[in-house]
Amino acid sequence: MTVLVLAEHNGKTLNPSVLHAVTAAKQLGEVHVLLAGSDIGALAAQAAQIEGVSKVLAADAAHYAENLAEEIAPLLASLAGAYRHLLAAANVYGKNIMPRVAALLDSQQVSDVVEIINENTFIRPIYAGNVFITVSSQDPHLVLTVRSSSFDKASASGGNAQIDSVTATAPQNLSRFVSRKLTESDRPDLTQARVVVSGGRGLGSAEQFNALLTPLADALGAAIGASRAAVDAEYALNDYQVGQTGKIVAPELYVAVGISGAIQHIAGMQDSKVVVAINKDPDAPIFNVADFGLVGDLFDVVPKLTAALQANA
């Protein structure tokens, strides 16, 4: 059985989520990777190096340049005849495209898969991650999105996959690319970072958010995250949001500063290896998932913690 993985990229490099998706796909059978874009020869060569990938399908056309879902979904659906499983990472890219593919194929989608039991059966979270259900489908095509944090990365080197060109579907012209605003940062990508420092509404303002968390994150070599409450209060950019409606992270160390621990936020970080919580409220729900909890005034505790880390760097 062969699985087709949709690969996200920025035109220059593959998104790390592709490596997690390949690991999941290997549990289902032989892995093929689909790359769609404009002038993607170098990207196809990158994908061919991923360990466990046997073939790379390259769809090179101008209307794929901006990865518009309205253009990519028909391409993926047109290739579905050769595959039972169509798979992508459960991130913004995958969540934008795969439901459209499922609709075009008249198939159910199984979203946010965290474990693969067999070719028809999968485990996924519901109720903000408080319950996990086992779902099974006998559909001719299974459209899956997989949670990256639940599957290890495949090696980005060591493979030698065949690269085949595939025919582009006709332009749909249902949408057009206008502009893109990217958050530039020297920090690790939030979903791939080993350490994440997140702030909540308890920080009080955008100024305090930056003044307290930036030095701490620098001392730990960490990415910066935020709760939805902090994002809604405009303490942090939307790209920083961790939670059910934000990004799902599973770092080795997650430091929650001034975060109460709403279900929505817990759903996005509960797979972290070690969780450290700093909050002045001893009854805050965040302490229920924390491995280490510190009850105290974050405006006093965080600068002292940062100073201690810097002194021992």
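The next point concerns the overall build of the protein. Helix and strand counts for the protein stand at eight helices and 15 strands. In terms of overall dimensions, the protein is globule-like: its C-alpha atoms have a radius of gyration of 21 Å, near the 20 Å expected for 313 residues. Oriented by its inertia axes, the alpha-carbon framework of the protein measures out at about 60 × 40 × 40 Å. Among the 313 residues that make up the protein, the fraction classed as buried is 49%. Roughly 14,700 Å² of accessible area belongs to the protein as shown, and the carbon and sulfur atoms make up 49% of that amount. With 20 positive and 30 negative side-chain charges, the protein shows a separation of 2 Å between the mean positions of the two kinds.

Ordered in space as E12-E11-E13-E14-E15, the five strands form an open sheet in which the pairing is parallel. One side of each edge strand has no neighbouring strand; the edge strands of this open sheet are strand E12 (223-226) and strand E15 (292-295). Pairs of neighbouring strands in the sheet enclose a mean axial angle of 15°, with direction left out of account. As defined by bridge partners, strand E11 (residues 195-199) adjoins strand E13 (residues 253-257) across five bridges and the pair is classed as parallel. By the bridge assignment, valine 197 is partnered in E13 with valine 255. Against the sheet, helix H5 (residues 206-220) contacts E11, E12 and E13, and its axis sits at roughly 170° relative to E11. Packing of helix H8 (residues 298-311) onto the sheet brings it into contact with E13, strand E14 (274-279) and E15, and relative to E14 it is tilted by some 135°.

Below, the discussion takes up the nonpolar core. Leu35 and Leu87 are the most contacted members of the largest nonpolar core, which has 34 residues in total. Listed by contribution, the elements that provide at least two residues to this core are strand E1 (2-6), helix H1 (17-26), strand E2 (30-37), helix H2 (41-48), strand E3 (53-60), strand E5 (109-113) and strand E9 (142-146). Ranked by residues supplied to this core, first place goes to H1 with six residues. Once residues lying within four places of it in the same chain are set aside, the contact partners of leucine 35 are Ala7, His9, Leu14, Ile40, Leu43, Ala44, Ala47, Val56, Leu57, Ala58 and Ala59. Tyr64, Leu76, Ala80 and Tyr93 belong to the second largest nonpolar core, which has 27 residues in total.

Quick look at the packing of helix H3 (residues 69-78) against helix H4 (residues 92-105) now. Two elements in contact, H3 and H4, have axes whose closest approach is 8 Å; the angle formed by their N-to-C orientations is 50°. In this view, H3 runs oblique relative to H4, as classed from their interaxial angle. As for how H3 packs across H4, the hand of that crossing is right-handed. Counting all contacts with H3, which are made through Ala69, Glu70, Ile72, Ala73, Pro74, Leu76 and Ala77, the residues of H4 involved are Tyr93, Asn96, Ile97, Met98, Arg100, Val101, Leu104 and Leu105. When its residues are assigned to classes, the contact of H3 with H4 shows 12 nonpolar, one polar and two charged.

Among the residues of H2, Leu43, Ala44, Ala47 and Ala48 are the ones counted as buried. Angular distribution of buried residues about the axis of H2 spans 140°; they occupy a single face of the element. The inward-facing, buried residues of H2 contact E2, E3 and strand E10 (162-165).

The strands that make up a sheet are held in pairs by hydrogen bonds between backbone atoms, and each pair lies either parallel or antiparallel. Across the sheet, which stays open at both edges, the seven strands sit in the order E5-E9-E4-E1-E2-E3-E10 with parallel pairing between neighbours. Only two strands of the sheet have a single neighbouring strand rather than two, namely E5 and E10. Shown here is a sheet whose adjacent strand axes are inclined to one another by a mean of 25°, direction ignored. In this structure, E5 lies alongside E9, joined through three bridges in parallel fashion. The residue bridging valine 113 from the neighbouring strand is valine 146, located in E9.

Here we come to the side chain of aspartate 139. Mapped onto the secondary structure, aspartate 139 falls in the loop between strand E8 (131-136) and E9. For the buried aspartate 139, which has no salt bridge, the nearest side chain bearing the opposite charge is arginine 84, at an N-O separation of 7.0 Å. Polar side-chain contacts of aspartate 139 include one of 3.0 Å to the backbone nitrogen of glutamine 108. Excluding residues within four positions of it along the chain, aspartate 139 makes contact with Arg84, Ser107 and Gln108.

We now examine H1. In terms of residue burial, H1 counts as a mostly covered element, since nine of its 10 residues are buried. Three or more residues of H1 are buried, namely Ser17, Val18, Leu19, His20, Ala21, Val22, Thr23, Ala24 and Ala25. In the core, the buried residues of H1 are packed alongside E1, E2, E3, strand E4 (85-89), strand E6 (115-116) and E9.

What counts, and where the lines are drawn
- Residues numbered from 1 in each chain as written.
- Predicted model: local features only at pLDDT ≥ 70, side-chain atom pairs only at ≥ 80, totals over all residues.
- Heavy atoms only, no water.
- Helix = DSSP H or I, 4+ residues; strand = E, 2+ residues; numbered from the N terminus.
- Rg over C-alpha atoms; globule rule 2.2 N^0.38 Å.
- Buried < 20%, exposed > 50% of the residue type's maximum accessible area, 1.4 Å probe, protein only.
- Areas by Shrake-Rupley, 256 points an atom, 1.4 Å probe, with all protein chains shown as cover.
- Lys, Arg positive; Asp, Glu negative; His and termini not counted.
- Charge placed at Lys NZ, Arg CZ, Asp CG, Glu CD.
- Pairing = 2+ DSSP bridges.
- Axes fitted to C-alpha atoms, helices over the stretch in contact; angles between N-to-C directions.
- Contact = heavy atoms within 4.5 Å.
- Core = buried A, V, L, I, M, F, W, Y, C linked by side-chain atoms within 4.5 Å.
- Parallel < 35°, antiparallel > 145°, perpendicular 65-115°, else oblique.
- Left-handed = near helix turned anticlockwise from the far one by under 90°.
- Nonpolar A, V, L, I, M, F, W, Y, C, P; charged D, E, K, R; others polar.
- Arc of directions from axis to C-beta.
- Salt bridge = Lys/Arg side-chain N within 4 Å of Asp/Glu carboxyl O.
- Polar contact = N/O pair within 3.5 Å; in protein donor to acceptor, adjacent residues only side chain to side chain.

Just geometry here; none of it tells us what the structure is for.
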